[in-house]
Structure formats: structure tokens, C-alpha cells
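Geometric and topological summary
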Amino acid sequence: RQQLHDWAVQLCGKAIMETEVFAQYFLGEDREVVPEFSTKTIEEFCVAAFMAKSERGRLSEATLEAAIKDVFHRMGYTVAQPSAPWYKAVYANFSVGHADGYLGYQDLRNIVVQYVEH
């Protein structure tokens, strides 16, 4: 079983870990791979990531991507991570209306909540 697990991960990468079949067979569990998180927990993760990744309380395109990845890491996500173009598109979408081009905590929170709920 362990050899098959290692082979599957090596062959398919982490993407295989997001499937229910993988969780049930290899982990021996009947559970959802992506756990549900309360709004409070998501906000706590976003605050921690914002504090760790922001520059003077602001997020640039690069620090936004780092902050989002930080939140997903804290959530222990095993789902496919967004692609580089996705981060650019999200930044472009949320930076509209921000004269200085920087995003804040609320933007980060909204992005993460929308992604998780999607």
C-alpha cells in the first residue's frame, strides 16, 4: 500500500491527494479531503497571513500571492492551487478603485472566502 501511495504521488503529484478515493483508500478514512472552515477560522488565517506578508499594511501583487498561499497553507489545503495567471487576474480585479494599487486585509479576506466557497 505504501509503495502504491508513493508511486501515485510521484506519478500524479499532489493532485491525486485531493480525490475522495485517495483519502478513503490510502488514508483509510471516510472523510472529506477539504475540511469545512468557519468564517472565524478563515479570518484568523487571513489576519495571520496579512500580518506576515503585507508591507506596511498593504499588499502588492507579489505579496498578495504570498499571503493567499500562506492562508491556503494554514488551511492545510490539498486541492489544486491557483495558477500564476489566476493570481494576476485576481489582483487586477481587486485593485480597481485602489488609487495606490495596493490591497488591504479586507481584499485578502474576500478573495480567500470567494475561492473557498467556489
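Described in the following lines is the structure provided in the data block.

About the thresholds
- Residues numbered from 1 in each chain as written.
- Predicted model: local features only at pLDDT ≥ 70, side-chain atom pairs only at ≥ 80, totals over all residues.
- Heavy atoms only, no water.
- Axes fitted to C-alpha atoms, helices over the stretch in contact; angles between N-to-C directions.
- Helix = DSSP H or I, 4+ residues; strand = E, 2+ residues; numbered from the N terminus.
- Parallel < 35°, antiparallel > 145°, perpendicular 65-115°, else oblique.
- Left-handed = near helix turned anticlockwise from the far one by under 90°.
- Contact = heavy atoms within 4.5 Å.
- Nonpolar A, V, L, I, M, F, W, Y, C, P; charged D, E, K, R; others polar.
- Salt bridge = Lys/Arg side-chain N within 4 Å of Asp/Glu carboxyl O.
- Buried < 20%, exposed > 50% of the residue type's maximum accessible area, 1.4 Å probe, protein only.
- Phe/Tyr/Trp six-rings, centres within 6.5 Å; stacked < 30°, edge-to-face > 60°.
- Lys NZ or Arg CZ within 6 Å of the ring centre and 35° of its normal.

In contact at an axis separation of 11 Å, helix α4 (residues 61–75) and helix α6 (residues 105–117) are set at 50° when each is read in the N-to-C sense. One way to sum up the angle between α4 and α6 is to call them oblique. With respect to the hand of their crossing, α4 and α6 are arranged in right-handed fashion. Every residue of α6 that contacts α4 at L64, A67, I68, V71, F72 and M75 is listed here: L108, I111, V112, Y115 and V116. The class makeup of the residues in the contact of α4 with α6 is eleven nonpolar, no polar and no charged.

Below, the discussion takes up the pattern of salt bridges. Scanning all chains against the criterion turns up four salt bridges. With a closest N to O distance of 2.3 Å, D70 and R74 form a salt bridge. Residue D70 and its partner R74 are located together in helix α4, separated by four residues, close to a single helical turn. According to the relative accessible area criterion, R74 is partly exposed, its value standing at 36%.

Right, let's talk about the packing of aromatic side chains for a bit. Summed over the entire model, instances satisfying the criterion amount to four aromatic pairs. With a centroid separation of 4.9 Å and 40° between ring planes, the pair formed by F72 and Y115 is classed as tilted. A residue pair is termed long-range when its members are at least 10 positions apart, and F72 in helix α4 and Y115 in helix α6 qualify at 43 residues. Taking relative accessible area as the criterion, F72 reaches 2% and is therefore assigned buried. On the basis of an interplanar angle of 70° and a centroid distance of 5.3 Å, the ring pair of W86 and Y115 is categorised as edge-to-face. Taken as a pair, W86 in helix α5 (residues 84–95) and Y115 in helix α6 lie far apart in primary sequence, 29 residues in all. Look at W86 and you get partly exposed, because its relative accessible area is 24%. Within the aromatic cluster, the residues linked to one another by ring pairs are F72, W86, Y87 and Y115. When the ring centre of Y102 is taken as origin, the NZ or CZ atom of R58, which lies over that ring, is 3.6 Å away.

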